[in-house]
Amino acid sequence: MNENKGIFDKIENMNVRIIYILIIICIAIPIIRPVGLPIQISESTMSVYDFIEKLPEGSVVLVGFETGAAGWPELGPQLNIFMQHIFDKNLKPIIVSGNVDGAQLAEMYTIPQMNKPGKVYGKDWVNLGYIAGGESGIAAFASSITSITPRDYFNTPVENLEMMKDIKSAADFKLAIVCSWGTPGHSDYLRQYTTNFGVPLIVGAQTTTVPGLVPYYQSKQVVGYTSGLRGAGEYEVLTHHPGYAVASLDAASSYHLVVFVLIVIGNLAMVAKRFTTKKEVT
Amino acid sequence: MWGILGNWINAILTIAIISFAVPGENIFYRIAEYIMIGVTAGYAVVQGIRVVLNLGISPMMGGQAYMLLPILLGLLVYTRFSKQYGYLSRWPIALMVGSGIGVSIRAIPEVDIMNQIKASFLPIVGVNWDVAVSNIILLIALLSTLFYFFMTVEQKGALRQISVVGRYSLMILFGAYWGSQLMTRSTMFIGRMSFLIKDFLFPLLGLG
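This one's a predicted model, so the numbers in the text were calculated from it and none came from an experiment.

Trainee: Sorry if this is basic, but what is going on with the overall build of chain A here?
Mentor: Check the secondary structure of chain A and you find 11 helices and 6 strands. If one aligns the C-alpha atoms of chain A with their principal axes, the spans along those axes are about 80 × 40 × 35 Å. Counting the 282 residues in chain A, one finds 46% classified as buried. The contacts in chain A between residues at least 6 apart in sequence include a share of 73% that link residues at least 24 apart.

Trainee: Before we go on, may I ask you to explain the pairing of strand S2 (residues 92–97) of chain A in this structure?
Mentor: A regular strand places its side chains so that they alternate between the two faces of the sheet. All names here are of chain A. Burial within S2 is extensive, with 6 of its 6 residues counted as buried. Side chains Lys 92, Ile 94 and Val 96 project from S2 onto one buried face, and the interleaved Pro 93, Ile 95 and Ser 97 project onto a second face that is buried too. In this fold, the crossover linking strand S1 (residues 60–66) to S2 by way of helix H4 (residues 72–88) has right-handed handedness. Inspection of the sheet shows S2 paired to strand S3 (residues 126–130) by 3 bridges, in the parallel sense. If you follow Ile 94 over to S3, its bridge partner there is Val 126. The parallel pair S2 and S3, bridged by helix H5 (residues 102–110), forms a crossover whose chirality is right-handed.

Trainee: Would you take a moment to explain the nonpolar core for this structure?
Mentor: Most often, soluble globular proteins have nonpolar side chains that are buried together. Residue and element names in this part refer to chain A. Counting 73 residues, the largest nonpolar core has Val 61, Val 63, Ile 95, Ala 176, Ile 177 and Leu 201 as its most contacted members. Two domains each put at least three residues into this core: domain 1 (2–33 + 248–281) and domain 2 (43–242). Not counting residues within four places of it along the chain, the set of residues in contact with Leu 201 comprises Ala 176, Val 178, Tyr 189, Leu 190, Tyr 193, Thr 194, Val 222 and Val 223.

Trainee: It is not clear to me how the interface of chain B and chain A should be interpreted in this structure. Could you clarify?
Mentor: Frequently, the measure chosen for interface size is the accessible area that the parts lose on association. Each side of the interface is counted separately: chain B has 37 residues, and chain A has 40 residues. Contributions of two or more residues to the side of chain B that touches chain A are made by helix H2 (27–61), helix H4 (90–105), helix H5 (108–119) and helix H7 (158–204) of chain B. With 18 residues, H7 of chain B is the single largest residue contributor to the side of chain B that touches chain A. Looking at the side of chain B that touches chain A residue by residue, the class counts come to 20 nonpolar, 14 polar and 3 charged.

Trainee: What's the story with the pairing of strand S6 (residues 224–227) of chain A in this structure? I'm lost.
Mentor: Residue and element names in this part refer to chain A. Side chains Gly 224 and Thr 226 of S6 all project onto a buried face; the interleaved residues Tyr 225 and Ser 227 project onto the opposite face, where all are buried too. Both strand S5 (residues 201–205) and S6 contribute to a ladder of 4 bridges, which runs parallel. Looking across to S6, one finds that Ala 205 is bridged to Ser 227. Regarding topology, helix H9 (residues 210–218) serves as the crossover connection from S5 to the parallel S6, and that connection is right-handed.

Trainee: I would appreciate a short explanation of the domain arrangement of chain A in the present structure.
Mentor: As assigned here, chain A comprises domain 1 (2–33 + 248–281) and domain 2 (43–242). Using only C-alpha atoms to locate each centre, domain 1 of chain A and domain 2 of chain A end up separated by 40 Å.

Trainee: Before we go on, may I ask you to explain helix H10 (residues 228–238) of chain A in this structure?
Mentor: Think of an α-helix as 3.6 residues a turn; residues three or four steps apart then line up on the same face. Residues and elements named next belong to chain A. Summarising burial for H10: 10 of the 11 residues are buried, a large majority. When we look at burial in H10, the residues that qualify are Gly 228, Leu 229, Arg 230, Gly 231, Ala 232, Gly 233, Glu 234, Tyr 235, Glu 236 and Leu 238. At the exit of H10 stands His 240, carrying a positive phi of roughly 60 degrees.

Trainee: I would appreciate a short explanation of the packing of helix H1 (residues 2–18) of chain B against H7 of chain B in the present structure.
Mentor: The packing of two helices is summarised by the inter-axis angle and the distance between the axes. Residue and element names in this part refer to chain B. For the pair H1 and H7, interaxial distance at closest approach is 11 Å and the crossing angle is 140 degrees. Considered as vectors, H1 and H7 are oriented oblique to each other. Crossing angle aside, the handedness with which H1 passes H7 is left-handed. Judged by residue contacts, Asn 7, Asn 10, Ala 11 and Thr 14 of H1 engage Arg 192, Phe 195, Leu 196, Asp 199 and Phe 200 from H7. Taken together, the residues of the contact of H1 with H7 sort by class into 4 nonpolar, 3 polar and 2 charged.

Trainee: Honestly, the sheet that holds strand S4 (residues 175–180) of chain A in this entry has me stumped. Any pointers?
Mentor: Strands belonging to one sheet form pairs held by backbone hydrogen bonds; the direction of such a pair is parallel or antiparallel. Residue and element names in this part refer to chain A. The parallel open sheet is built from 6 strands, whose spatial order is S3-S2-S1-S4-S5-S6. Lying at the two open borders of the sheet, with one neighbouring strand each, are S3 and S6. Each strand of the sheet is rotated relative to its neighbour by a mean of 15 degrees, with strand direction disregarded. Relative to S4, S1 runs parallel, the two being bridged by 6 bridges. Bridge pairing in S4 links Leu 62 to Ala 176.

Each value, and the rule that gives it
- Residues numbered from 1 in each chain as written.
- Chains lettered and ligands numbered in written order.
- Predicted model: local features only at pLDDT ≥ 70, side-chain atom pairs only at ≥ 80, totals over all residues.
- Helix = DSSP H or I, 4+ residues; strand = E, 2+ residues; numbered from the N terminus.
- Buried ≥ 20, exposed ≤ 12 C-beta atoms within 10 Å, placed from the backbone.
- Contact = placed C-beta atoms within 7 Å.
- Right-handed = clockwise from strand over helix to strand, strands pointing away.
- Pairing = 2+ DSSP bridges.
- Core = buried A, V, L, I, M, F, W, Y, C linked by C-beta atoms within 7 Å.
- Domains from an automatic or database assignment.
- Nonpolar A, V, L, I, M, F, W, Y, C, P; charged D, E, K, R; others polar.
- Axes fitted to C-alpha atoms, helices over the stretch in contact; angles between N-to-C directions.
- Parallel < 35°, antiparallel > 145°, perpendicular 65-115°, else oblique.
- Left-handed = near helix turned anticlockwise from the far one by under 90°.

Below, the structure is given as C-alpha cells:
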C-alpha cells in the first residue's frame, strides 16, 4: 500500500522540468514532420468569412492591430489572413493600433507578406499608426479621424492620402476588425464603433478571451469571431491560402493531447492517493 | 546581412528566455528579460514623443495656441516627483479618469446590459430539441449565477441549491477560461519553436 502511495506522490510531485521537456518534444516533432490533421470550420469563423465576402468592392474596413510582439504568434496569423482576404476582395483597409508596436508589426510582418498586385499605398490601403489614449483615443478617432491621427505611420499628412479624402469618421467604415490581446480590445471597439456609429464588428480573438467574447456573439453584437491559431487555420482553409496557422495546428493538437493526458494522470493519482489513505486509516 | 544578424539575435534571446524552464533562473534569462524591458520602454517613449509632437507641439506652433493647455496639464503629471507640488499631478489624472469613464459609460448599459438581457430571451419551443436543451441550460446557468451573487436573502434550503447550481456554472466558466489560457500560452510557445526550427535551425543546417 505504501509503495502505491509513493508512486502517486511521485506523480503528483513530478519534476516540472520533465513536463517542459515532454512538451518541447511533442511540439517540435509535428513542426518538423506535420501530420496534416483535418480542420473543421466553426460557425463563428464562417460568419466572418460570409460577411467579408458580401462587402462591396472598395468598402473601407478598419483593421485594429491591437497587439504587441508577445501576442503576435496568436493574433498575427489571424491579422495576416484577414488582410489577405481584404486585399483579395478589393476592399480598402485602414490600419490603426492602440498598442505602441501594433502599426510597426503590420509594416514588418503583414504588409510584406500580402499578395496585392497593383495595390498602391495611400490609394488602396493606409496605416494611420498609433492611437494614444486607450478608449478615449478611439472615441476621438471615431468622431474625427484627423483630430487624433493628423499624420499616418510614415508621417505623411492624412489629407495628402488619396484614399482618406472622403473618409472623415467611423460613419464611413463598412466594417471594423479588431485583433486584440488586451486593452484596447473588442469591448472598446464595440462601444465606440458599433454602438455609437453602427459599424459591424469582427473579432480575431486570443483564445483566452473567447469565453468573455461569446456572449457578444450570441447577442449578435459581434458579426463573428475567429479563435486563436485554430481560427486563423480555419480562415486560411476557407480563403485557400494555407500558411503558418494550418502548419502549426498539428503542433497545437499534439500539445493539447499531452496536457490532457497529464491532467488525467494527475487527477487519477490524486483520487487514488485519497482512496489508499482512507483505507489505511480504517 | 542585417536579416541574418537579426535572426541570430532573435534565436539567442528566445533560447535565453526558454532556458528559464529547464535549468531555472539564470544570467542569460535575466539579460534577455532586461533587454526586452529596456527596448519596450524605449519604444514606448519614442511613440509617446511622436504623439505629443503631432497632436500638441505642431498644431500649437501652427497657431492653435489653446493646445498649450493640454500640454501644460500633461506636464503637471511630473510634479508628483516633488513633495511640495505633488498634489498638482492629481488634476490631469482626475481629468483622464473622469473623461475615460465618461466615454465608456455611455455605451455600457446598451452593450453589456440591455443587449445581453434581450439575447437571453431564447425560444425553447418550436425549435430543434438540441437548441431547446442548449437554451434551457443557458437560462438555468444565467439565473442561478445571478442568484449566487444575490446577498440580501440568506441562502438556505431550496435557495441554497439554486446557489450551488450557480457555483457549478461558474466553475465550468473558470474551466473554460483555464483551458483557453493554456491554448493561448501554447500558441506563443509554438510560435517561438516554429521560428527556432523552421526559420533558424533549418537554414543553418541547409535544410530549408
